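The primary structure of each chain is shown beneath.
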Amino acid sequence: MFVVFGAGGVGKGALVGRLLELRPGLWLSRSWTTRARRPGEPEDAYVFTDRGSFLARAEAGGFIEWNEFAGNGHFYGTPTLEPPPGHDVLLEIDLNGARQVKKRYPGAVLVLVVAPSSEVRAQRLRSRGDEEAAVRRRLELGEAEEAAGRLVADHVVVNDDLQRAASELAGIVDMHRERVAGTVSSP
Ligand code: 5GP
């Protein structure tokens, strides 16, 4: 299982999209959220739901991790995993979620994505059309999240150039797949 995490605006989504093109056999989990869909955001970016339905699912044990995101006060969660046979699981979540996943699945590989600079992050967050107050709050939170993320991450990828960063990420996937294959085939 591969967990791509990092603050909002570091370009996790684009990076994960490119990784899926580069490496078949990865299955990206679709998260649930209580936030509203952004203008122009694909309908299947998340399962968009209300707080009541989200909490009912959480109580029934239907998430492997979930979290109230401090950046906007909404709930986000990874539903119980159902990858097709032969696929590795890929999650794109926040630091809190990554920590929960590592506890539950110690073999999970945690990859922290960071922006090349805080200016680039600010620009990316603003371009999504979120309100300025929310953008500021997420920028501040992101700094703390990055520092804490470095302590738990197995790898850190700087998203300076999408193609470069995606091939670095693909290399990380290859390395861990080879390791697991090596372990399984050892006498
Ligand atoms: P956004 O609203 O910008 O799509 O996402 C806000 C934050 O929630 C991002 O850091 C994103 O990675 C994170 N997130 C998305 N899905 C999940 C999830 O299933 N669980 C957790 N813990 N965080 C998530």
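Residues numbered from 1 in each chain as written. Predicted model: local features only at pLDDT ≥ 70, side-chain atom pairs only at ≥ 80, totals over all residues. Heavy atoms only, no water.

K.L.:
Sorry if this is basic, but what is going on with the side chain of Thr34 here?
P.N.:
In this structure, Thr34 sits in the loop between β3 (32–33) and β4 (47–48). Judged by its relative accessible area of 10%, Thr34 falls in the buried class. A polar atom in the side chain of Thr34 sits 3.1 Å from the side chain of His74. (Helix = DSSP H or I, 4+ residues; strand = E, 2+ residues; numbered from the N terminus. Buried < 20%, exposed > 50% of the residue type's maximum accessible area, 1.4 Å probe, protein only. Polar contact = N/O pair within 3.5 Å; in protein donor to acceptor, adjacent residues only side chain to side chain.)

K.L.:
Can you help me understand the sheet that holds strand β2 (residues 26–28) in this one?
P.N.:
Sheet strands associate in pairs through backbone hydrogen bonding, adopting either a parallel or an antiparallel arrangement. Across the sheet, 5 strands lie side by side as β2-β7-β1-β8-β9; this open sheet has parallel pairing. Single-partner strands in this sheet number two, and they are β2 and β9 (155–158). Ignoring which end each strand starts from, the neighbouring axes of this sheet average 25 degrees apart. Each of β1 (2–5), β7 (88–93) and β8 (109–114) is contacted by helix α3 (residues 95–104), which is oriented at about 145 degrees to β7, the strand it contacts most. Where helix α5 (residues 132–152) meets the sheet, its contacts fall on β1, β8 and β9, and the angle it forms with β8 comes to roughly 150 degrees. (Pairing = 2+ DSSP bridges. Axes fitted to C-alpha atoms, helices over the stretch in contact; angles between N-to-C directions. Contact = heavy atoms within 4.5 Å.)

K.L.:
Looking at this structure, I do not really get helix α4 (residues 118–126). What am I missing?
P.N.:
Inspection of α4 places Arg121, Ala122 and Leu125 among the buried residues, and these make up the whole buried set. Considered in projection along α4, the buried side chains sweep an arc of 100 degrees and stay on one side of the axis. Exposed residues on α4 whose side chains face more than 90 degrees from its buried face are Glu119 and Gln123. Those residues of α4 that are buried lie in contact with α5. (Arc of directions from axis to C-beta.)

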